[in-house]
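One-letter residues, chain by chain:
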Amino acid sequence: SQTIHQWPATLVQPVGSPLSLECTVEGTSNPNLYWYRQAAGRGLQLLFYSVGIGQISSEVPQNLSASRPQDRQFILSSKKLLLSDSGFYLCAWTGGINEKLFFGSGTQLSVL
Amino acid sequence: RKEVEQDPGPFNVPEGATVAFNCTYSNSASQSFFWYRQDCRKEPKLLMSVYSSGNEDGRFTAQLNRASQYISLLIRDSKLSDSATYLCVVNPPGSGYALNFGKGTSLLVTP
């Protein structure tokens, strides 16, 4: 069966520090991968998605970036965090268009 | 008009009650629809897909009304454990791989 791993679960970072969140999927090949952010009391915002190695689509311009160095690995990064980057970050995968989305357990990021 | 709209609630219902949520979507050509459940500070989890003919899973029933562009979720015999936020998800055509999430409806089931 397919599983998705995301870490760390909680992260507290000072403003201006770098960020690296990692997500890996097991039990499937060539998944579509996503990064979402959920700010406190708000809905899910799609940040990036990837349909293959090295292919990244950005939905929202901001100081975050994503990379997919391997088929089942998706990384969210920032060179300098802002206060507004605080939120709940979720990695997810699907097998294709119109298919169900499965989420990792999320990372609660607090930028202070 | 927002692409996916939900009443944020909260819906406060006693145990055993029946409760229904609606979700409206703006793109009439949308093709896939889902309900997710999200507990506080947890990831959303798929509750059920929504099919054109409607579908049922135990106490949960999901329906799609294409003419009026809404989907619904009915929960019968509510349990305390049903307390959560319920997210409506729509995949409109032309969105590529981007699913549109509603902001969720909060349900609190009380003893």
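You'll find the structure just up there.
Engineer: Hey, could you run me through the sheet that holds strand β3 (residues 19–25) of chain B in this one?
Structural biologist: What links the strands of a sheet is backbone hydrogen bonding, and the strands pair in either a parallel or an antiparallel sense. Residues and elements named next belong to chain B. An order of β1-β3-β8-β7-β6 is seen for the five strands of this open sheet, with the pairing classed as antiparallel. Bordering the open sheet on either side are β1 (4–6) and β6 (55–57), each of which pairs with just one other strand. Direction aside, the axes of adjacent strands within the sheet are offset by 20° on average. Here strand β7 (residues 60–65) pairs with strand β8 (residues 70–75) via six bridges, running antiparallel. What sits directly across from T61, in β8, is L74.

Engineer: I tried to follow the interface of chain B and chain A on my own but got confused; where do I start?
Structural biologist: Where interface size is quoted, it is often the accessible area lost as the parts come together. With 19 residues of chain B at the contact, the number on the chain A side is 21 residues. Connecting chain B to chain A are zero salt bridges. Our count for the chain B to chain A interface comes out at two residue pairs in polar contact (both at pLDDT 80 or more). Counting only elements with at least two residues in the side of chain B that touches chain A, the list comes to β4 (32–38), β5 (45–50) and β9 (84–91) of chain B. At four residues, the largest contribution of residues to the side of chain B that touches chain A is made by β4 of chain B. For the side of chain B that touches chain A, a count of residues per class yields nine nonpolar, six polar and four charged.

Engineer: Mind showing me how you'd approach the packing of aromatic side chains here?
Structural biologist: Given two aromatic rings, one states the distance between the centres and the angle between the planes to describe the pair. Enumeration according to the criterion identifies 13 aromatic pairs over all chains in this entry. Pairing Y36 of chain A with F101 of chain B gives two aromatic rings, centres 5.4 Å apart and planes at 75°, and the pair type is edge-to-face. Within this pair, whereas Y36 of chain A is found in strand β4 (residues 32–38), its partner F101 of chain B is found in strand β10 (residues 100–101), the two belonging to separate chains. For the pair Y36 of chain A and F101 of chain B, one class covers both residues: buried. Their ring planes at 85° and their centres at 6.0 Å tell us that F103 of chain A and Y36 of chain B sit as a pair that is edge-to-face. On the criterion of chain membership, the pair formed by F103 of chain A in strand β10 (residues 102–103) and Y36 of chain B in strand β4 is interchain, its members lying in two chains. Each member of the pair, F103 of chain A as well as Y36 of chain B, carries the same accessibility label: buried. Three or more aromatic residues joined by ring pairs make a cluster, and in this case those are Y34, Y36, Y49 and F103 of chain A together with F34, Y36 and F101 of chain B.

Thresholds, definitions, all that
Residues numbered from 1 in each chain as written. Chains lettered and ligands numbered in written order. Predicted model: local features only at pLDDT ≥ 70, side-chain atom pairs only at ≥ 80, totals over all residues. Heavy atoms only, no water. Pairing = 2+ DSSP bridges. Helix = DSSP H or I, 4+ residues; strand = E, 2+ residues; numbered from the N terminus. Axes fitted to C-alpha atoms, helices over the stretch in contact; angles between N-to-C directions. Contact = heavy atoms within 4.5 Å. Salt bridge = Lys/Arg side-chain N within 4 Å of Asp/Glu carboxyl O. Polar contact = N/O pair within 3.5 Å; in protein donor to acceptor, adjacent residues only side chain to side chain. Nonpolar A, V, L, I, M, F, W, Y, C, P; charged D, E, K, R; others polar. Phe/Tyr/Trp six-rings, centres within 6.5 Å; stacked < 30°, edge-to-face > 60°. Buried < 20%, exposed > 50% of the residue type's maximum accessible area, 1.4 Å probe, protein only.

This is a description of form; function is not addressed.
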